[in-house]
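Listed here are the chains, written in short residue letters.
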Amino acid sequence: MTITVRAAAKFNLHLGVGPLREDGFHPLETVYHAIGLYDDVTVSEADQWQVTLSAEDHIALGEVPTGDDNIVVRAGKALAAHHGIDRAATIEIHKGIPVAGGLAGGSADAAATLVALDRLWSLETSDEDLLAIAGELGSDVPFALVGATAIGGGRGEIVEPVADNGAWWWVAVGNEQGLSTPAVYRAFDELVGADVAEPQVPERLLMALEKGDAELLAEALANDLQAPALALRPDLAQTFTDGEEAGALAVQLSGSGPTVLMLCRDAAHAREVAGAMQAKAYDRIWAAPGPVAGAHVVTY
């Protein structure tokens, strides 16, 4: 028996970062948004943990581990431990989410693994317990379970769905050179110092989502990690310029980067922007709708 679960990429419509805490983390206030780039995770019973990988075109797999250090194995072991069982599985990951791009592909895989193994092993884990396990795995994993659009608090792991009446379209432009998330946070600390306010989600962003107004949303997007990331990778500024020239309503870095997201009016406009970026010699381009569902079963 095999079960396949699909999970979506994540984009931060807003990413507010607070001052560094004594535990080494930054408090976050973010608005998560699931977009239509997907990884599929297929699980089957096995005597020991195994991970296999495949990918869509233009998705490089070089940085994805296949051993016990892959987050999907940690997810499987955490679920088994929660239920006090000794079981293992083969986990096949087919990636359509760019690797190391700031789109939380690993978190999506972990969420998909939790759902898939819960079904495979007939565990009937409660939503509350799944979210708790997900939160221990990483700050983006709970949202990957929930999907759609939601506010994330704490380190991002506390998820609260918000009203989103938009039918948004995005163009994602990838970059083959990754960006270290810890390095971006260190650059943030150096840029802002200790004198930084506690983060808050702006009301105008929530209003834009509720109204489904793309022009309002374009004005409300924000990412506190964008400036430090661009300080580390000034070459990405050209992607912003090219996106604006291609006609995007807004251009924003995804999380700590290096993927850049471009807001479009609709699907036709997204195709136009994607075509214009392709004409500028970019070759890692994806058009995607949002919001989309969280981790869900697609095949038994």
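Structure's up top.
Reading the values: rules and limits
Residues numbered from 1 in each chain as written. Predicted model: local features only at pLDDT ≥ 70, side-chain atom pairs only at ≥ 80, totals over all residues. Heavy atoms only, no water. Core = buried A, V, L, I, M, F, W, Y, C linked by side-chain atoms within 4.5 Å. Buried < 20%, exposed > 50% of the residue type's maximum accessible area, 1.4 Å probe, protein only. Helix = DSSP H or I, 4+ residues; strand = E, 2+ residues; numbered from the N terminus. Axes fitted to C-alpha atoms, helices over the stretch in contact; angles between N-to-C directions. Parallel < 35°, antiparallel > 145°, perpendicular 65-115°, else oblique. Left-handed = near helix turned anticlockwise from the far one by under 90°. Contact = heavy atoms within 4.5 Å. Nonpolar A, V, L, I, M, F, W, Y, C, P; charged D, E, K, R; others polar. Polar contact = N/O pair within 3.5 Å; in protein donor to acceptor, adjacent residues only side chain to side chain.

1. Side note on the nonpolar core
Within the largest apolar cluster, 64 residues are counted, with the highest numbers of intra-cluster contacts made by Leu37, Trp121, Trp170 and Leu217. Ranked by the residues each element gives to this core, the list is headed by helix 2 (residues 105-120), at 9 residues. Of all hydrophobic cores here, the second largest spans 26 residues; its members include Val17, Val171, Met262 and Tyr282.

2. Here's the deal with the packing of helix 1 (residues 71-83) against helix 3 (residues 127-137)
The interhelical angle for the contact between helix 1 and helix 3, taken along N-to-C directions, is 135 degrees, at an axis separation of 10 Å. In terms of orientation, helix 1 lies oblique with respect to helix 3. For the crossing formed where helix 1 meets helix 3, the hand is right-handed. Within the contact between the two elements, helix 1 uses Ile71, Arg74, Ala75, Ala78, Leu79 and His82 and helix 3 uses Asp129, Leu130, Ile133 and Leu137. Residue composition of the contact of helix 1 with helix 3, grouped by class: 7 nonpolar, 1 polar and 2 charged.

3. Some points on the side chain of Asn223
Within the fold, Asn223 resides in strand 8 (residues 222-223). A distance of 3.0 Å separates a polar side-chain atom of Asn223 from the backbone oxygen of Leu253. A distance of 2.9 Å separates the side chain of Asn223 from the backbone oxygen of Gly255, its partner in a polar contact. With sequence-adjacent residues up to four places away left out, Asn223 is seen in contact with Leu15, Gln252, Leu253, Ser254 and Gly255.

4. Observations regarding the environment of Leu209
Tracing the backbone through its elements, the reader meets Leu209 in helix 6 (residues 203-211). Overall, Leu209 belongs to the buried group, its relative accessible area being 0%. In sequence terms Leu209 and Ala104 are 105 residues apart; their C-alpha atoms lie 22 Å from each other. Discounting chain neighbours no more than four positions away, the residues touching Leu209 are Leu13, Val31, Thr149, Val162, Ala163, Asp164, Asn165, Gly166, Trp168 and Leu217.

5. Things to note about unusual backbone geometry
Note the cis peptide between Gly257 and Pro258, where omega equals 10 degrees. Tracing the backbone through its elements, the reader meets Pro258 in the loop between strand 9 (250-253) and strand 10 (260-264). Omega for the bond connecting Gly290 with Pro291 falls within 30 degrees of zero, at 0 degrees, which places this linkage in the cis form. Among the structural elements, Pro291 can be located in the loop between strand 11 (285-290) and strand 12 (296-299). Of note, Glu124 is a non-glycine position whose phi angle comes to about 55 degrees, a positive value.

Note that all results are geometric; they support no functional claim without further evidence.
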